[in-house]
Amino acid sequence: YLQPDTYAQISKWLSTRRVERVQYVKHTIDVMNDLLKKAHVTQFEINGRVKHIFSIYNKMARKSLPIEEIYDISALLVLVNTIPECYAVLSALQAEFKHIPQEFDDYIAQPKA
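Note that this is a predicted model, so its numbers are computed, not measured.

1. So, the side chain of K59
Turning to step 1, where the next piece is worked out: By secondary structure assignment, the location of K59 is in helix 3 (residues 53-63).
Turning to step 2, where the next piece is worked out: Overall, K59 belongs to the buried group, its relative accessible area being 13%.
Turning to step 3, where the next piece is worked out: Residues within four places of K59 in sequence aside, it is in contact with S64, I70, D72 and E103.

Dropping the structure here:
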């Protein structure tokens, strides 16, 4: 309500790329399924979602970045049963996907409240 032009800009940018983002999330979940099976993680669940415009806007404002520099407009969540499995998942994913060091938060070692 307070920033209708910004909301419209973000909404338009996201909607023009929605098909690509949905395909990317589905493809990444398939790749992750294969990786985790190869890493001998036996019980896991992977969920994917598109982030809300408000959370994207907040990150843009907090970091003073344009939307093109926001890397996490989609989110993937891997649920496992144990901390060792968390680290096995992290290791398998970091071996396959290049992470952005300044964007990496270790919520295993430092969980959110």
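Still more to cover.
2. Some details on the layout of surface pockets
Turning to step 1, where the next piece is worked out: For the largest pocket, the calculated volume is near 1900 Å³.
Turning to step 2, where the next piece is worked out: Residue lining of the largest pocket: 40 residues in total, with D72, A75, L76, E103 and F104 positioned closest to the centre.
Turning to step 3, where the next piece is worked out: Those elements giving two or more residues to the lining of the largest pocket turn out to be helix 2 (18-38), strand 1 (45-50), helix 3, strand 2 (74-79) and helix 4 (83-96).
Turning to step 4, where the next piece is worked out: Examining the composition of the lining of the largest pocket, we find that six residues originate from one element, strand 2, more than from any other.
Turning to step 5, where the next piece is worked out: Estimates place the volume of the second largest pocket at around 160 Å³.
Turning to step 6, where the next piece is worked out: Lining the second largest pocket, in full, are Y1, Q3, T6, Y7, I10, I53, F54 and Y57.

3. Description of the nonpolar core
Turning to step 1, where the next piece is worked out: The biggest cluster of nonpolar side chains holds 10 residues, and these are V25, I29, M32, L35, L36, V41, I46, V89, A92 and L93.
Turning to step 2, where the next piece is worked out: Elements represented by at least two residues in this core include exactly helix 2 and helix 4.
Turning to step 3, where the next piece is worked out: Each residue touching L36, except ones within four places of it in the same chain, is listed here: V41, F44, I46, V78, V89 and A92.

How each quantity is defined
Residues numbered from 1 in each chain as written. Predicted model: local features only at pLDDT ≥ 70, side-chain atom pairs only at ≥ 80, totals over all residues. Heavy atoms only, no water. Helix = DSSP H or I, 4+ residues; strand = E, 2+ residues; numbered from the N terminus. Buried < 20%, exposed > 50% of the residue type's maximum accessible area, 1.4 Å probe, protein only. Contact = heavy atoms within 4.5 Å. 1 Å grid on protein atoms, 1.4 Å probe; cavity = no way out; pocket = protein on both sides within 12 Å on 5 of 7 lines; lining within 4 Å. Points joined across faces, edges and corners; volume = space filled by probe spheres on them. Core = buried A, V, L, I, M, F, W, Y, C linked by side-chain atoms within 4.5 Å.

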